[in-house]
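Descriptive structure summary
Here is how the chains run, residue by residue.
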Amino acid sequence: MSKIALITGGTSGIGLATAKLLLENDYKVIVTGRRAERLLQFQEEIGSDKVYTLCFDVRSDEEVNFALNSLPAEWKNIDVLVNNAGLAWGLGQFFNGNTTHWDTMIDTNIKGLLYVSKVVANWMKDKKSGHIVNIGSIAGKDVYMNGNVYCATKHAVDALTRAMRIELAEFKVKVTGIHPGAVETEFSEVRFDGDKDRAKKVYEGFENLIADDIADAVYYAVSRPAHVNINDLVIMPTAQPAAGVIHRN
Ligand code: NDP
Ligand code: 8X3
């Protein structure tokens, strides 16, 4: 029987690549995001027997609970949760920071991850199996100039990953943290308010990671035998030896 994975932020980038790779490996996937047209297009492309979509904003506890509880019983039997929805917004000194950017990152990257995890972890706990994969960042292991609040949210994801692992182990629920360096997705476009030229420059002069590299790591983690848990993976472009350090040609 196919396993079921729920992937938040499956409308682009790492989430979409992960959904595709899990589908190739006989999973059924629940894909979420706010952009309804992208969700619909993906479901039409793959088929509603394999893909279920939920359109909601992870920042709203009410929307999260309503959407997840609306799943048909057979789709609630989730084996893998990939907490991927997230963003960076802005890049600048904290003393000049934009509080709307701060609130959005904190509400999405930390509170959104918690809202979704609370519902799904209870289902996994009841059936005594499951695997939660949190997409953190190298920004959750280190800090870099002007990354302040984004880095703080990803440090929180790292802390929550470790806390979840401790609290869920007795229920046989695995927890993995995956922490990428620079991956070319829509991430930088979002960070720079839709400025495609500025976003493109982030990835110039070196070989960045691509979303498939991170999907591959997610699949590696979730395909280990039951007694093996991958706690933590930090995955960097070879040209990025540390957060905020990139060797360009
Ligand atoms: P993308 O911008 O391509 O994808 C982000 C995804 O998150 C989209 O599907 C978006 O869906 C979803 N999302 C954002 N905000 C919300 C929200 N409020 N409610 C629901 N869904 C939301 O970026 P990436 O694929 O790169 O990012 C995925 C994750 O990887 C993020 O957590 C990011 O921090 C992390 N990461 C990215 C790195 C990179 O260099 N790209 C490196 C390290 C970590 P929609 O807009 O439809 O709601
Ligand atoms: C994003 C990682 O290094 O591009 O989470 O800021 S980096």
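Our focus in this paragraph is the overall build of the protein. Each helix and strand in the protein was counted, giving eight helices and nine strands. Here the C-alpha radius of gyration of the protein, 17 Å, is about what a compact globule of 249 residues would show, namely 18 Å. Projected onto the principal axes, the alpha-carbon positions of the protein cover approximately 50 × 40 × 35 Å. Long-range contacts, defined as pairs at least 24 residues apart, comprise 66% of the intrachain contacts of the protein with a sequence gap of at least 6. Accessible surface for the protein amounts to roughly 12200 Å². Of this, 52% is attributable to carbon and sulfur atoms.

Taken together, Ser137, Ile138, Tyr144, Tyr150, Ala182, Phe187 and Gln240 form the complete shell of residues around ligand 2. Take Tyr144: an N or O atom from its side chain is 2.7 Å from an oxygen atom of ligand 2. For ligand 2, the protein covers 86% of the area, taking 250 Å² as the surface of the free molecule. Here the shell around ligand 2 is built from residues that sort into five nonpolar, two polar and no charged.

By nearness alone, 30 residues border ligand 1, and Thr11, Ser12, Arg34, Tyr150 and Thr185 come closest of all. Side-chain polar atom of Tyr150 to an oxygen atom of ligand 1: 2.7 Å apart, as the coordinates give it. Within the contact set of ligand 1, an oxygen atom lies 2.6 Å away from a side-chain nitrogen or oxygen of Thr185. If ligand 1 stood free it would expose 880 Å²; the protein chains cover 96% of that surface. Taken together, the elements giving at least two residues each to the shell around ligand 1 come down to helix H1 (13–24), helix H5 (148–168) and helix H6 (187–191). The class makeup of the residues in the shell around ligand 1 is 11 nonpolar, 13 polar and six charged.

With respect to the helices and strands, the residue Asn98 is situated in the loop between strand S4 (80–83) and helix H4 (99–127). For the pair Asn98 and Val119, spaced 21 residues apart in the sequence, the C-alpha separation amounts to 31 Å. For Asn98, the side chain forms a polar contact with the main-chain nitrogen of Thr100, separated by 2.8 Å.

Our focus in this paragraph is the nonpolar core. In summary, soluble globular proteins display a tendency toward joint burial of nonpolar side chains. Formed by 31 residues in total, the largest nonpolar core has its most connected members in Ile30, Leu68, Ile78, Val116, Val120, Ile132 and Leu168. Secondary structure elements with two or more residues in this core: strand S1 (3–7), helix H3 (61–69), H4, H5 and strand S6 (173–180). Of the residues forming this core, the biggest block, nine residues, is contributed by H4. Core analysis: the next-biggest nonpolar cluster, separate from the first, contains 28 residues, Ala17, Phe42, Val133 and Leu209 among them.

At a minimum axis distance of 9 Å, the contact between H4 and H5 shows a crossing angle of 15°. The angle between H4 and H5 places the two elements in the roughly parallel class. Where H4 crosses over H5, the two elements pack in a sense that is right-handed. Where H4 approaches H5, its residues Trp102, Met105, Ile106, Asn109, Ile110, Leu113, Leu114, Ser117 and Ala121 are matched on the opposing element by Val149, Tyr150, Thr153, Lys154, Ala156, Val157, Leu160, Met164 and Leu168.

Looking now at the pattern of salt bridges. Applying the stated rule across the entire model yields nine salt bridges. We note a salt bridge from Lys111 to Asp107, for which the minimum N-O separation is 3.3 Å. A residue pair is termed a helical-turn pair when its members lie 3 or 4 positions apart in one helix, as Lys111 and Asp107 do in helix H4 at four residues. The partner of Glu189 in a salt bridge is Lys196, and the shortest N-O contact between them spans 3.1 Å. For Glu189, a relative accessible area of 25% translates into the label partly exposed. Through salt bridges with shared partners, a single network forms among Lys141, Asp158, Arg162 and Asp232.

Applying the stated criterion across every chain, the model contains three aromatic pairs. Their ring planes at 75° and their centres at 5.5 Å tell us that Phe94 and Phe95 sit as a pair that is edge-to-face. The class for Phe95 is exposed, based on a relative accessible area of 56%. Here the basic side chain of Lys28 rests over the ring of Trp75, its NZ or CZ set 5.7 Å away from the ring centre. Above the face of the Tyr150 ring, Arg191 is positioned so that its terminal group lies 5.4 Å from the ring centre.

What counts, and at which threshold
- Residues numbered from 1 in each chain as written.
- Chains lettered and ligands numbered in written order.
- Predicted model: local features only at pLDDT ≥ 70, side-chain atom pairs only at ≥ 80, totals over all residues.
- Heavy atoms only, no water.
- Helix = DSSP H or I, 4+ residues; strand = E, 2+ residues; numbered from the N terminus.
- Rg over C-alpha atoms; globule rule 2.2 N^0.38 Å.
- Contact = heavy atoms within 4.5 Å.
- Areas by Shrake-Rupley, 256 points an atom, 1.4 Å probe, with all protein chains shown as cover.
- Near = heavy atom within 4 Å.
- Polar contact = N/O pair within 3.5 Å; in protein donor to acceptor, adjacent residues only side chain to side chain.
- Nonpolar A, V, L, I, M, F, W, Y, C, P; charged D, E, K, R; others polar.
- Core = buried A, V, L, I, M, F, W, Y, C linked by side-chain atoms within 4.5 Å.
- Buried < 20%, exposed > 50% of the residue type's maximum accessible area, 1.4 Å probe, protein only.
- Axes fitted to C-alpha atoms, helices over the stretch in contact; angles between N-to-C directions.
- Parallel < 35°, antiparallel > 145°, perpendicular 65-115°, else oblique.
- Left-handed = near helix turned anticlockwise from the far one by under 90°.
- Salt bridge = Lys/Arg side-chain N within 4 Å of Asp/Glu carboxyl O.
- Phe/Tyr/Trp six-rings, centres within 6.5 Å; stacked < 30°, edge-to-face > 60°.
- Lys NZ or Arg CZ within 6 Å of the ring centre and 35° of its normal.

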